[in-house]
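Summary of the model geometry
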Amino acid sequence: MRFPGVPEALTEGETEAEARANAADCLIAALEGYIHAGKPMPRGGAGHSGPDRAVLPSLVTAKLAVHETMLSRGWSRTKLATELGVSENAVRRLLDLRHNSHMWVIDEALARMGRSLSIDLPAPGASGRAA
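Here's a quick rundown of the structure.

1. A short note on the nonpolar core
Counting 31 residues, the largest nonpolar core has Val6, Leu31, Leu64, Val66 and Leu80 as its most contacted members. Of all the secondary-structure elements, those providing two or more residues to this core are helix H1 (16-37), helix H2 (58-73), helix H3 (77-84), helix H4 (88-95) and helix H5 (103-112). Tallying contributions element by element places H1 first for this core, with eight residues. With residues up to four places along the chain from it excluded, the contact list for Val6 reads Leu27, Ala30, Leu31, Tyr34 and Pro42.

Written out as structure tokens, the structure is:
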């Protein structure tokens, strides 16, 4: 599987089902590279729907929101750590897409930067997965 908006992400499998199962992990690995490089997240393909859509875990999406907000505000890890009263290592874990951070910490980080996380619930009876 390819992700046109994230050319670094490419996955395959013995079968198409296996490739689909690997898609989210592959995409997370590629997006980790964007965070480590301090680059904004690619937007090509965002909003794509259908059977080829990769759905990221909610916690990963929330962490990406922190990263994007830091970039847009010009905040470093050190500045966010100071604002939160934590070590820079704590902020590194907060931005680690594979670390099991608490949502309240993400909410607090976003609030310190003047933002909040918006979560939309699907309409009753709507098919598909929640975003």
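After presenting the structure, the write-up continues.
2. Concerning the side chain of Glu68
With respect to the secondary-structure elements, Glu68 resides in helix H2. Taking relative accessible area as the criterion, Glu68 reaches 18% and is therefore assigned buried. Within the structure, Glu68 has its side chain in polar contact with the backbone nitrogen of Met41 (distance 2.7 Å). Sequence-distant contacts of Glu68, defined by excluding residues within four places in its chain, comprise Pro40, Met41 and Arg43.

Reading guide: rules and limits
Chains are numbered independently. Their residues run from 1 in the order of the written sequence. Only residues with pLDDT of at least 70 get local features here, since the model is predicted, and only at 80 or more are side-chain atom pairs given and counted; chain-wide, interface and lining totals rely on the full set of residues. To obtain the side-chain values, all non-hydrogen atoms of the structure were used and water was disregarded. Among buried residues, those of type Ala, Val, Leu, Ile, Met, Phe, Trp, Tyr and Cys that are joined through side-chain atoms within 4.5 Å constitute a nonpolar core. Here the term buried applies to any residue with accessible area under 20% of the maximum for its type, exposed to any over 50%, and partly exposed to those in between, with areas from a 1.4 Å probe on protein chains only. Numbering of helices and strands runs from the N terminus; a helix is a DSSP stretch of H or I covering at least four residues, while a strand is a stretch of E covering at least two. Two residues form a contact once any of their heavy atoms are found within 4.5 Å. Any pair of nitrogen or oxygen atoms within 3.5 Å is treated as a polar contact; in protein, a donor-acceptor pairing is required on top of that, and neighbouring residues in sequence qualify only through side-chain atoms on both sides.

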